[in-house]
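Reading the structure
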Amino acid sequence: MPDRYAVVGNPVAHSRSPAIHAAFARQTGEDIEYTRLLAPLDGFARTVAEFRDAGGKGVNVTLPFKGEAFRLATTLAARARLAEAANTLRFDPDGVYGDNTDGPGLVRDVTVNLGVALAGRRVLLIGAGGAASGVVPALLGAGVARLVIANRTEDRAAALARRHGAPVAACGFDALGDEPFDVLINATSAGLSGAAPPLPAGAVAPGALAYDMVYGPLAEPFLAAARRAGATRLADGLGMLVEQAAESFLVWRGIRPDTAPVLAGLRAAR
Ligand code: ATR
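With that out of the way, let us pick up the domain arrangement of the chain. Assigned domains of the chain: these are domain 1 (3–100 + 239–268) and domain 2 (103–236). Each of domain 1 and domain 2 has a C-alpha centre, and the two are 24 Å apart. At the interface, 16 residues of domain 1 touch 17 residues of domain 2. Summed over both sides, the interface between domain 1 and domain 2 buries roughly 1400 Å², with carbon and sulfur atoms accounting for 56% of that surface. On the surface where domain 1 and domain 2 come into contact, there are three salt bridges. A salt bridge links Arg-108 to Glu-243, with the nearest nitrogen and oxygen atoms 3.0 Å apart. Joining domain 1 to domain 2, the criterion identifies seven residue pairs in polar contact (both at pLDDT 80 or more). Those elements giving two or more residues to the side of domain 1 that touches domain 2 turn out to be helix H4 (78–83), helix H9 (238–253) and helix H10 (259–269). At six residues, H9 tops the list of elements feeding residues into the side of domain 1 that touches domain 2.

For the rest of this paragraph, the subject is the packing of helix H1 (residues 17–28) against H10. Interhelical geometry of H1 versus H10 gives an angle of 140° and a closest axis separation of 10 Å. Viewed along their axes, H1 and H10 adopt a mutual orientation that is oblique. H10 is crossed by H1, and the crossing has right-handed handedness. Residues Ile-20, Ala-23, Phe-24 and Gln-27 of H1 form the contact with H10, whose own contacting residues are Thr-259, Pro-261, Val-262 and Leu-266. Across the contact of H1 with H10, the residue classes tally to six nonpolar, two polar and no charged.

This part takes up the nonpolar core. Formed by 28 residues in total, the largest nonpolar core has its most connected members in Leu-106, Leu-125, Leu-139, Ile-149, Ile-185 and Tyr-211. Mapped onto this core, the elements with two or more residues apiece are helix H5 (102–113), strand E7 (122–126), helix H6 (130–141), strand E8 (146–151), helix H7 (154–164), strand E10 (181–186) and strand E11 (204–212). The element best represented in this core is H6, accounting for five residues. Dropping the residues within four chain positions of it, Leu-125 is found in contact with Ala-132, Val-135, Val-136, Leu-139, Leu-147, Val-148, Ile-149, Ala-150, Ile-185 and Ala-187. Judged by nonpolar contacts, the second largest core, of 22 residues, contains Phe-24, Ala-77, Val-242 and Phe-249.

For H1, which comprises 12 residues, the first-to-last C-alpha distance of 16 Å matches the rise-based estimate of 16 Å (1.5 Å per residue) to within 8%. All of the buried residues in H1 are Ser-17, Pro-18, Ile-20, His-21, Ala-23, Phe-24 and Ala-25.

Summarising burial for strand E3 (residues 56–61): five of the six residues are buried, a large majority. With five bridges joining them, strand E1 (residues 3–9) and E3 adopt parallel strand pairing. Each residue of the ladder has a partner; that of Arg-4, found in E3, is Gly-56.

Reading guide: rules and limits
Residues numbered from 1 in each chain as written. Predicted model: local features only at pLDDT ≥ 70, side-chain atom pairs only at ≥ 80, totals over all residues. Heavy atoms only, no water. Domains from an automatic or database assignment. Contact = heavy atoms within 4.5 Å. Buried area = accessible area lost by both parts, 1.4 Å probe. Salt bridge = Lys/Arg side-chain N within 4 Å of Asp/Glu carboxyl O. Polar contact = N/O pair within 3.5 Å; in protein donor to acceptor, adjacent residues only side chain to side chain. Helix = DSSP H or I, 4+ residues; strand = E, 2+ residues; numbered from the N terminus. Axes fitted to C-alpha atoms, helices over the stretch in contact; angles between N-to-C directions. Parallel < 35°, antiparallel > 145°, perpendicular 65-115°, else oblique. Left-handed = near helix turned anticlockwise from the far one by under 90°. Nonpolar A, V, L, I, M, F, W, Y, C, P; charged D, E, K, R; others polar. Core = buried A, V, L, I, M, F, W, Y, C linked by side-chain atoms within 4.5 Å. Buried < 20%, exposed > 50% of the residue type's maximum accessible area, 1.4 Å probe, protein only. Expected span 1.5 Å × (residues − 1). Pairing = 2+ DSSP bridges.

Shown next, in the form of structure tokens:
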């Protein structure tokens, strides 16, 4: 019997995580089965408990349950505690271990796959919801010189920045353009409705990377806005998805898969 894992979300039907983990399992020879699990919006904890009772070993957690997953964990990795969100749960004999691999996944995609340094750089993070708060600790860990969080609702950006302190600052959209950034990351959900946050040319430093944490068509509105604002390096979040998956695989199985061939396979398939 393979060890069972799943991605829990709502919606979850289009998640590419099962294909990624199947590729990791083939590559490493680990005997696992990984499926999608749709949880009712008011039934995350129940869905996870049923999966665990049925022999499940762990889950990935996606929208909108990362905050609930954080609260459900009985032991937390430091980076999940800092992010106040968990995307990975491992069912241990004595409790539930929670981790957040989104931030490390983003940092690894930017620095290793895309070859863009974060250390010493000026970074703009757009959005102040769960997706944004999940990656702040990893960006700070990567040694950014300055991290400005810009959000439509400025108060939310200010609250997130206050939680971390220097070198994190906050602003509203009206202040964008006053300062150039080397790396600009969209962590809003605006792309879900075909929209993009405003991005004036003054925010884009020469040679800057514009990065959307979602992938495929959902990333297009922001990447198009970034192109119009003068960004020449653009990337969607497919690499982040593969990297966070590899880090979760490591949490569960103790082995870090080689992500490059899996990412290349996904890019070729679309
Ligand atoms: P997630 O877990 O995806 O971050 P969330 O916690 O609901 O989801 O946060 C959504 C983020 O996208 C917020 O930063 C939100 O801005 P507000 O705090 O002002 O609501 C941002 N967002 C959503 N739609 C947007 C839009 N059309 N333009 C700009 N920002 C948007």
